[in-house]
Structure formats: C-alpha cells, structure tokens
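Examination of the molecular architecture
Spelled out, the chains give:
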Amino acid sequence: MPGDPARLALGQRAPEDVVERFRETMHLNDPLPVQYFYWLKGFVQGDFGISFITRRPVLDEIKAALPATMELILFALIIDIVLGQLIGITAAKYSNTWIDNVARVTAYVGIVIPSFVLALFLMLLFCYVFPVLPTTGRLSGGIAPPPVLSGMMALDSIITGNVHAFVDTVKHMVLPAFALAMGNIAQESRITRASMIDRKGADWIAFERANGISERLVFFKYLLRPSLAPTVSVMGPCFAYLVVNGFLVEVIFGWPGLARYGMQSILDKDLNAITAVVLILGAFFAIVNMLVDLVVGWLNPNMRITAARRR
Amino acid sequence: MRTEETLRPSLGCRLFDSCAKYWYRFSSNKLSVFGVVLFLIIILVAAFAPLIAPYPGHAKPFVDFKNANQPPTLQHLFGTDRVGRDIFSRVLFGYRFSLLMAVIVLGISVPFGVTIGLVAGYYKGSWIDTLLMRFTDIFLSVPPLLLALMITAVLKPNLINSMIAITAMWWPLHARLLYGLSSSLSDEYFVVAEQVSGVRGRHILFVEILPNCIGPILTKITLDVGWVILMGATLSFVGLGVQPPKPGLGTMVSAGAKDLPGVWWATVFPALAIVLVVLSCNLIGDGLHDVFAVEEV
C-alpha cells in the first residue's frame, strides 16, 4: 500500500526498528484475512482498536465526535424540511407567478452550487463582509460549555437552562447547517411543488371542492398529505447527502464532529479510525432508510397494500 | 425489399434530419441553449488555454512575490494568489484538468456500466441478473463521495488515482439506469418477436434494446459531466486530487481559502468557475430531458 500507515503515524524521522515494532503491534505485517480476524475479534467485544495517530481508543474519540455531527445534521434536517416544504408549498400555491419563478431559480442555484463552495461563500459573506456570525467551532471562547449530558450542546444548554450558551451554539450552527441543507432544500422544494401541481387538477380535488370542503382543508389534507410521500422517500438519499457533505463542511467550519474526524483519519491513513467511521455511518444509513420506508408506508396506504399482497 | 431500401434517403441525410428535429425542439428552451453556448465556450477556452491565457507560464511552478495578492485589475482579471500567479490563467488551465477528468471517467464508466445494466436487465430474474446487480449494489451501498475519498486515500493522492476513484463510484449509476430501461424493454413485443425467431442475445441487446436507451443515457451523461467535474474538484479541494502547483480548480479553492477574507478573489473565482461548468451541464441536461421525454410520449 503506498503511503505506509505506520510510517505516516510515526513521522519521517522515526528509526526503522521503531516503525517495524509499530507494524508488529498493529498487526500490519500479517496477511489481510488475519488482520481482518483481529479486527473482528475486537469488534465483537466493542473494541475498534486504537488510533494510529493519537494512540487513544478509537471508540472514545468517536464517542466524543458523534454528538457534534448528530446535532449539526439534525439542525440541518430541520432547516431542510421546514424551508424545503415552505418553498415547495408556496411555489405550488402561487404556481406560474413571480413567487414561483423566484423559488425555481433558488432551487436551481441550490442544486448547482456544491456544498463546500456554498460553505466558503456563506463564510465570506456572514463572517467577514457582514460579521454577524462566528466562523469556526461550536462555542465562543468566553462562554463556559454546558455540562455534557447528551453531547449535543444546544440540547444540553437548554436542559440546564443556559440561554446564553444556547444562543451562542445555535449561532455557530446556522452557517454549516445551511450550507449542508441547501442542496436538499432545493431538491425537496422541487419535488413537493411538482407533486402538488400534478394533483391540483385531479378529479377528487374538484369533488372535495364541490362538496363545499374549505379551501384550506383541501389544500393541506387532500393536496399536501399525498404529496409528502415522494418528498419523504427521498429523505434517505438526502440524509446520506448531509452526512457525506459534512466531510467537507465540517472541515471548513472547524466543526469537531465525526465527519471531520473521518476526513482527518483518511488523510492520515489511520486505518482503525477509518473502518470505525465507515461502519458507524453505514449503520446509520441502514437505520434511516428503514425509518423512511416506514414513514412512506404510513403516508401512502397504497404501498402498504401492495406490500401486504406480496406476502 | 431492395427497391424500398433504395428509395429511402441516405443514412447521412436521415441523421441530419433527425438532428435538425431534435435541435428544433431543444432550442425552444432558451436556457438550455444558453447552457450549450456556455459549455462550448468553456471547452474552447480550455482547448486554447495556452493561447488565450495572459500568463500561460503561471500554470507551471512559478513565483513572483512582488505581485503577490494583487486584487483583480485589468492586468490580472481575477487577481493574483499568494505567490503572485495570475488566477485567470490558472482557471483556464484548471478547466483542462476538469474536462480531461470528465472525458476519461465517463469514457470508461459509461460503457462498462451500460453493458452491465443492459445484460442484467435483459436476463432479469436469472443468476446473471443476481450476480451483476448484487455486485453493483455493493458499490451503491456506500455513499459515492465517501467511496471516492476512501479509494484515493488508500492510493497515492494524484489526478490519475482520483479518476480511478470516481470511475469506480460512477459506473454503478449507469448500470442501475440501464437495468431499469433494459428490463422493461425486454418485455416489449419487438424484443419477444426477435427472441421467438431465434435471434442471438447479443444482437437483441446491442442492436434492438440499446438504441432505444440512447435518450436517457445521453441526458444522464450530460448531467454527469458537471457532477464528475464537481466530484473531481471536491477531491482536489480536500487534497486528494490534482496536486499543487498544478492548477486544479478545487486545489485553487482550498489554497485560496487559507487567505480568506483578505484575498477573497483567490477563492471566489475558481469556485465560480466550478459552479459555471456544473450550471451549464445542468441546463443542457434539463433541455435534453424535455426533448427525449416528448419522444417517449
């Protein structure tokens, strides 16, 4: 393997016998199946091995980094759902007016701008040109961090009633979360708009109206709810998009999360850390996709029936 | 049979006719035409970069500290970076790496993915389908960027290896697209008729089914050019693609980001260059999508 991990971990000037001993202790000289066995043996005992770089257990490092990423992704997901739906619904309601056109152009821009470029532009705009938001980290220097309960700083500071820390940490989250969410907002607003407009002319909508059901009820219950299913079914890929782009956005905003940790370990060839990060992310994708399937089934009874028939 | 053959206009003539028809439909979407113009300009600019660039030497190892960090002026349209290189010239040369990457990555991954999807879809339900598509699923189960990051990390970080990484993550997308198309087309009567009359599988696959998939493939390739370039820039951005001092677009963005906010032009212009090429490909792709969607109806 080019770029020997042992050499990278110990530095260019480390004597060869030390590097050799390191390889020996990390089982790097064994054939791959044997290495895999060692890894598997540790894994079933809940041990991901130790980091090549910091020499601390990988599990501890991940435990420290995971809540930060979870917090950022949840925040991005909230922004994403609220804005995506809002823009999509508004565009559908006022379709083919200037509001719709503005929404469409915004969506297009959101899809075309890569998240790391957006992150840099947002940083330039809101941290330097109009210095209203902080550039890096999770909390400003002068503020005492809330006690670690869930590890999610915003949640912890709310639980302990620390309003000051809460406002500050949310301020830190706004830009990275928005940079992450933008692509999804664009996609979801487009899907919501399209599926609502598709249903607008349906006979059953005309029927509800003829029955004298209020315009509001028609709009939200009979138009919006069935339109949610396609939106929710792209949530799986959207979540993946958030996590993976986190690898770039977390680095840019110095967010001490799992993605930045993963990125750093990829650059350092810290094998134990890379495997652990990929494994945890993979597990997350599986869980999220399952949840998405459940919600889609709840929103779209048609799907439940087909699934039941297949059985 | 013979007479009918002679009465038909020549192949070139028919090709021209259908191209003219498609262009007529395509050109009704002004934004897509704008995309085509934009993309052509980018290609030309990249092809003739050594002639157009005001400082072609700045794309190579070059240092001129006297003119470092100059803001955009007429001499340096996009300004200069921290070692005094003209960013405009470097962006022009940067497009060369990006386009080269798109051509090579798609040139390998599209034929490969298309063949796999085509075959798997045609033999739907058999062991061939299971083997090929489960193999494809392995690649699809890992988020694309993550897969590319890991491959480049294991290999040495440079342009060639980032191409390998992106090719490895790209072909499954085409395999999946073609699987859907091919499996639905293989139920059509014209395919069944061929099967009944004992035509060989290879002929059915490549002469009967494949030409019917050209529309979606072409649309996807157009969009892909933008996304592949973006993926290449992303890998360069994290230091796993084009290595400095070579002027990769992503490489320049990440180098410029160190000098934010003072030297904003070193980040903003290369970043805009990436956005521009992705935008043009998306505009063209949307136009093609509409053209071929009409065809399917």
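The model shown is predicted, which means the values in this text are computed figures rather than measured ones.

Rules used in this analysis
Residues numbered from 1 in each chain as written. Chains lettered and ligands numbered in written order. Predicted model: local features only at pLDDT ≥ 70, side-chain atom pairs only at ≥ 80, totals over all residues. Helix = DSSP H or I, 4+ residues; strand = E, 2+ residues; numbered from the N terminus. Buried ≥ 20, exposed ≤ 12 C-beta atoms within 10 Å, placed from the backbone. Contact = placed C-beta atoms within 7 Å. Nonpolar A, V, L, I, M, F, W, Y, C, P; charged D, E, K, R; others polar. Core = buried A, V, L, I, M, F, W, Y, C linked by C-beta atoms within 7 Å. pLDDT = per-residue confidence, 0-100. Axes fitted to C-alpha atoms, helices over the stretch in contact; angles between N-to-C directions. Parallel < 35°, antiparallel > 145°, perpendicular 65-115°, else oblique. Left-handed = near helix turned anticlockwise from the far one by under 90°. Expected span 1.5 Å × (residues − 1). Arc of directions from axis to C-beta.

Considering the overall build of chain A
When helices and strands are counted, chain A shows 14 helices and zero strands. Helices and strands appear in chain A in the N-to-C order α-α-α-α-α-α-α-α-α-α-α-α-α-α. With respect to the three principal axes, the spread of C-alpha positions in chain A is 85 × 55 × 40 Å. Classification of the 311 residues of chain A by burial places 37% in the buried group.

Considering the overall build of chain B
A count of helical and extended segments in chain B gives 13 helices and zero strands. If you line up chain B on its principal axes, its C-alpha atoms span 75 × 45 × 25 Å. Excluding contacts between residues fewer than 6 apart, the proportion of contacts in chain B whose partners are at least 24 apart in sequence is 68%.

Details of the interface of chain B and chain A
Every contact between the two is made by 25 residues of chain B and, on the other side, 24 residues of chain A. Taken together, the elements giving at least two residues each to the side of chain B that touches chain A come down to helix H7 (144-154), helix H11 (214-237) and helix H13 (265-296) of chain B. Residues that form the side of chain B that touches chain A fall into these classes: 20 nonpolar, four polar and one charged.

Section: the nonpolar core
Formed by 150 residues in total, the largest nonpolar core has its most connected members in Ala119 of chain A together with Val228 of chain B. In this view, Ala119 of chain A contacts Pro176, Ala179, Val249, Ile252 and Phe253 of chain A; residues no more than four positions away in its chain are not counted.

Examining helix H9 (residues 203-210) of chain A
For an α-helix, 3.6 residues make a turn, and residues three or four places apart therefore share a direction. The buried count for H9 of chain A comes to zero of eight residues, which makes it a mostly uncovered element. Just downstream of H9 of chain A lies Gly212 of chain A, where phi reads positive at about 80 degrees.

Looking at the confidence of the model for chain B
Residue and element names in this part refer to chain B. Averaged over chain B, the pLDDT score is 85; the fraction of residues at 70 or greater is 95%. Per-element mean pLDDT across chain B ranges from 54 in helix H1 (residues 2-7) up to 92 in helix H5 (residues 87-122). Scoring of the predicted complex yields 0.83 for pTM and 0.81 for ipTM.

Observations regarding unusual backbone geometry
Residue Pro245 of chain B is reached from Pro244 of chain B by a cis peptide bond, and omega for that bond is 15 degrees. Locating Pro245 of chain B in the fold gives a position in the loop between H11 and helix H12 (249-257). Although it is not a glycine, Asn96 of chain A adopts a positive phi angle of roughly 65 degrees. With respect to the secondary-structure elements, Asn96 of chain A resides in the loop between helix H4 (58-93) and helix H5 (98-112). Given 9 C-beta atoms within 10 Å, Asn96 of chain A falls into the exposed group. For Lys269 of chain A, which is not a glycine, the phi torsion comes out positive at approximately 55 degrees. Relative to the helices and strands, Lys269 of chain A is located in the loop between helix H12 (258-268) and helix H13 (271-299).

As for the packing of helix H6 (residues 115-129) of chain A against helix H8 (residues 163-200) of chain A
Any two packed helices are characterised by how steeply their axes cross, that is the angle between the axes, and by the distance between the axes. Residue and element names in this part refer to chain A. Between H6 and H8, the least distance of the axes is 9 Å, while the angle of their chain directions is 140 degrees. In terms of their interaxial angle, H6 and H8 are classed as oblique. H6 and H8 meet at a crossing whose hand is right-handed. Only Leu175, Pro176, Phe178, Ala179, Leu180, Met182 and Gly183 of H8 make contact with H6, whose side of the interface consists of Ser115, Leu118, Ala119, Leu122, Met123 and Phe126.

As for helix H6 (residues 127-141) of chain B
Residues and elements named next belong to chain B. With 15 residues, H6 extends 21 Å from end C-alpha to end C-alpha; this agrees with the ideal 21 Å at 1.5 Å per step. Buried residues of H6: Leu132, Met133 and Thr136, and no others. Mapping the buried residues of H6 onto a view down its axis gives an arc of 85 degrees, with all of them on the same face. Set apart from the buried face of H6 by more than 90 degrees, the exposed residues are Trp127, Leu131, Arg134, Asp137, Ile138 and Ser141.

A closer look at the environment of Arg304 of chain A
All names here are of chain A. When you line up the elements, Arg304 lands in helix H14 (residues 301-310). Here Arg304 falls in the partly exposed class, since 13 other C-beta atoms lie within 10 Å of it. In the structure, Arg304 is positioned 217 residues away from Ile87 in sequence and 29 Å away in space, judged by C-alpha atoms.

Notes on the environment of Ile217 of chain B
Residue and element names in this part refer to chain B. Within the secondary structure, Ile217 sits in helix H11. By the C-beta count within 10 Å, which is 20 here, Ile217 ends up buried. Separated by 13 residues in the primary sequence, Ile217 and Ile204 place their C-alpha atoms 18 Å from one another.

Here's the deal with the confidence of the model for chain A
The predicted model of chain A averages 82 in pLDDT, with 96% of residues at 70 or higher. Mean pLDDT in chain A bottoms out at H14 of chain A, which sits at 67, and peaks at H4 of chain A, which reaches 88.

Considering the packing of H5 of chain A against H8 of chain A
Residue and element names in this part refer to chain A. At a minimum axis separation of 8 Å, H5 and H8 run at an interaxial angle of 135 degrees. Our classification of the angle between H5 and H8 gives oblique. In terms of crossing hand, the pair formed by H5 and H8 is left-handed. Contact residues: Ala103, Ala107, Gly110 and Ile111 in H5; Met182, Gly183, Ile185, Ala186, Gln187, Ser189 and Arg190 in H8. Class assignment of the residues belonging to the contact of H5 with H8 gives a composition of six nonpolar, four polar and one charged.

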